Amino acid sequence: MPVISFANAKGGAGKTTAALLLATELAHQGYRVAILDADPQRWISQWHDISGPQHNIEVISEVSVASLQGHIRELSRSADYTIIDLAGARDAIVTTAIGLSDHVMIPVQGCAMDARGGAQILDLIKLMEDTGKLKIAHSVVLTRVTSMVTTRALLTIKGLLAARGVNVIDTPIVERTAFREIFDCGGTLYTMDAAKVSNLDRARENAQAFAGEVMRLLPVKVIRSQEPRRFLRIVRNAA
Ligand SMILES: Nc1ncnc2c1ncn2[C@@H]1O[C@H](COP(=O)(O)OP(=O)(O)O)[C@@H](O)[C@H]1O
Ligand SMILES: [Mg+2]
């Protein structure tokens, strides 16, 4: 069961949106998905409250540093993918989640503040890798991309990150009304009314392409390569 965290030390980068789009798309494709809501602001939990029970999706709220590892261990029996939504911080829970993840997604909106928040996570990952002599797979995902952001500007950002050796997900998450509606109305892109939400088909295509890339990166039969005990040691050092 791949564990995927969404981290950026800054709020508003698009973590929760990207996490929920991935979760709902994977669930739509038939995977059993667990979302650990590790943000005290409980955005995912609130979405779940207004949505009601969702097929293939389990949401676990009020996740703490102490409970994180136990949740993951338990979920490894019942979920195909576990997705962790983190607060815009660089604290113990963020560090613990990163240490327990098979892949860390770093959403970046392309603005300077976001890039700095993203860089803080990249630095944290590097510190954890150096201290623990392990690899923490991670990628930047560009979010809230609008037609105002030129292909050229995007290519520049991708080039800069590639020069630093950072993997960038090919599919950027586009700025779409449908992605905001999910949080206002509950449900998923597949329960929304196409007559009421503009460009819903495009939004679905975008979520599908993003999830497709994640699935190729992390097929469900991933074998965990690190010993949990080793993770804990590193987490303690880095926090
Ligand atoms: N791709 C997107 N299209 C439209 N609105 C978005 C998109 N991504 C994020 N938003 C909006 O931006 C705000 C911050 O996004 P959010 O996912 O909550 O970021 P974070 O979890 O990093 O704080 C929210 O109001 C959200 O609805
Ligand atoms: Mg959030």
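Residues numbered from 1 in each chain as written. Chains lettered and ligands numbered in written order. Predicted model: local features only at pLDDT ≥ 70, side-chain atom pairs only at ≥ 80, totals over all residues. Heavy atoms only, no water.

A. Spatial organisation of the layout of surface pockets. By volume, the largest pocket amounts to about 500 Å³. What lines the largest pocket is a set of 25 residues, among which Gly12, Gly14, Thr16, Thr17 and Phe183 lie closest to the centre. Every element with two or more residues in the lining of the largest pocket is listed here: helix H1 (15-28), helix H2 (43-51) and helix H7 (177-185). Taken together, the residues of the lining of the largest pocket sort by class into 10 nonpolar, eight polar and seven charged. (1 Å grid on protein atoms, 1.4 Å probe; cavity = no way out; pocket = protein on both sides within 12 Å on 5 of 7 lines; lining within 4 Å. Points joined across faces, edges and corners; volume = space filled by probe spheres on them. Helix = DSSP H or I, 4+ residues; strand = E, 2+ residues; numbered from the N terminus. Nonpolar A, V, L, I, M, F, W, Y, C, P; charged D, E, K, R; others polar.)

B. Spotlight on the site of ligand 1. Neighbouring residues of ligand 1: 14 residues in total, closest Gly12, Thr16, Thr17, Arg144 and Val174. Side-chain polar atom of Arg180 to a nitrogen atom of ligand 1: 3.4 Å apart, as the coordinates give it. Here ligand 1 loses 81% of its free accessible area of 560 Å² to cover by the protein chains. Put simply, ligand 1 lies in the largest pocket. Those elements giving two or more residues to the shell around ligand 1 turn out to be H1 and H7. It is H1 that provides the largest number of residues to the shell around ligand 1, a total of three residues. Within the shell around ligand 1, the residues separate by chemical class into four nonpolar, five polar and five charged. (Near = heavy atom within 4 Å. Polar contact = N/O pair within 3.5 Å; in protein donor to acceptor, adjacent residues only side chain to side chain. Areas by Shrake-Rupley, 256 points an atom, 1.4 Å probe, with all protein chains shown as cover. Sits in = over half its atoms within 2 Å of the grid points.)

C. Inspection of the pattern of salt bridges at higher detail. One pass over the structure, following the stated rule, counts eight salt bridges. For Lys135, the salt bridge identified is with Glu129, shortest N-O distance 3.9 Å. With relative accessibility at 13%, the residue Glu129 sits in the buried group. Close ionic contact of Glu175 with Arg180 constitutes a salt bridge, the shortest N to O distance being 2.8 Å. Given a relative accessible area of 26%, Glu175 falls into the partly exposed group. (Salt bridge = Lys/Arg side-chain N within 4 Å of Asp/Glu carboxyl O. Buried < 20%, exposed > 50% of the residue type's maximum accessible area, 1.4 Å probe, protein only.)

D. Layout of the packing of aromatic side chains. All told, the structure shown has one aromatic pair when counted by the stated rule. Here Tyr31 and Tyr81 contribute two aromatic rings whose centre-to-centre distance is 5.4 Å and whose plane-to-plane angle is 85 degrees, an arrangement assigned as edge-to-face. On the criterion of sequence distance, the pair formed by Tyr31 in the loop between H1 and strand E2 (33-38) and Tyr81 in strand E4 (residues 81-86) is long-range, its members being 50 residues apart. (Phe/Tyr/Trp six-rings, centres within 6.5 Å; stacked < 30°, edge-to-face > 60°.)

E. Highlighting the packing of helix H3 (residues 65-78) against helix H4 (residues 92-100). Interaxial distance between H3 and H4 falls to 9 Å at its minimum, and their mutual angle equals 20 degrees. As judged from the angle between their axes, H3 and H4 are roughly parallel. As H3 runs across H4, the sense of the crossing is right-handed. Across the interface between the two elements, Val65, Leu68, Gln69 and Ile72 from H3 touch Ala92, Ile93, Thr96, Ala97 and Leu100 from H4. (Axes fitted to C-alpha atoms, helices over the stretch in contact; angles between N-to-C directions. Parallel < 35°, antiparallel > 145°, perpendicular 65-115°, else oblique. Left-handed = near helix turned anticlockwise from the far one by under 90°. Contact = heavy atoms within 4.5 Å.)

F. Structural view of the sheet that holds strand E7 (residues 167-168). Spatially, E3-E2-E4-E1-E5-E6-E7 is the arrangement adopted by the seven strands of the open sheet, whose pairing is parallel. If you trace the sheet from one side to the other, it starts and ends with strand E3 (57-60) and E7, each paired once. Where strand E1 (residues 3-6) meets E4, four bridges bridge the pair, whose relative direction is parallel. Each bridged residue has a counterpart across the sheet, and for Phe6 the counterpart in E4 is Asp85. The strands touched by H4 within the sheet are E1, E2, E4 and strand E5 (103-108), with E4 carrying the most contacts at an inclination of about 160 degrees. (Pairing = 2+ DSSP bridges.)

G. Representation of the nonpolar core within the structure. Counting 38 residues, the largest nonpolar core has Leu36, Leu68, Ile84, Ile98, Val104, Ile106 and Ile121 as its most contacted members. Among the secondary structure elements, those contributing two or more residues to this core are E2, H3, E4, H4, E5, helix H5 (112-132), strand E6 (138-142) and helix H6 (151-163). Beyond its immediate stretch of four places on either side in the chain, Ile84 contacts Val3, Ile4, Ser5, Phe6, Leu36, Ala38, Leu68, Ile72, Ala97 and Ser101. Phe6, Ile44, Ile57 and Met192 belong to the second largest nonpolar core, which has 36 residues in total. (Core = buried A, V, L, I, M, F, W, Y, C linked by side-chain atoms within 4.5 Å.)

These figures capture arrangement, not role.
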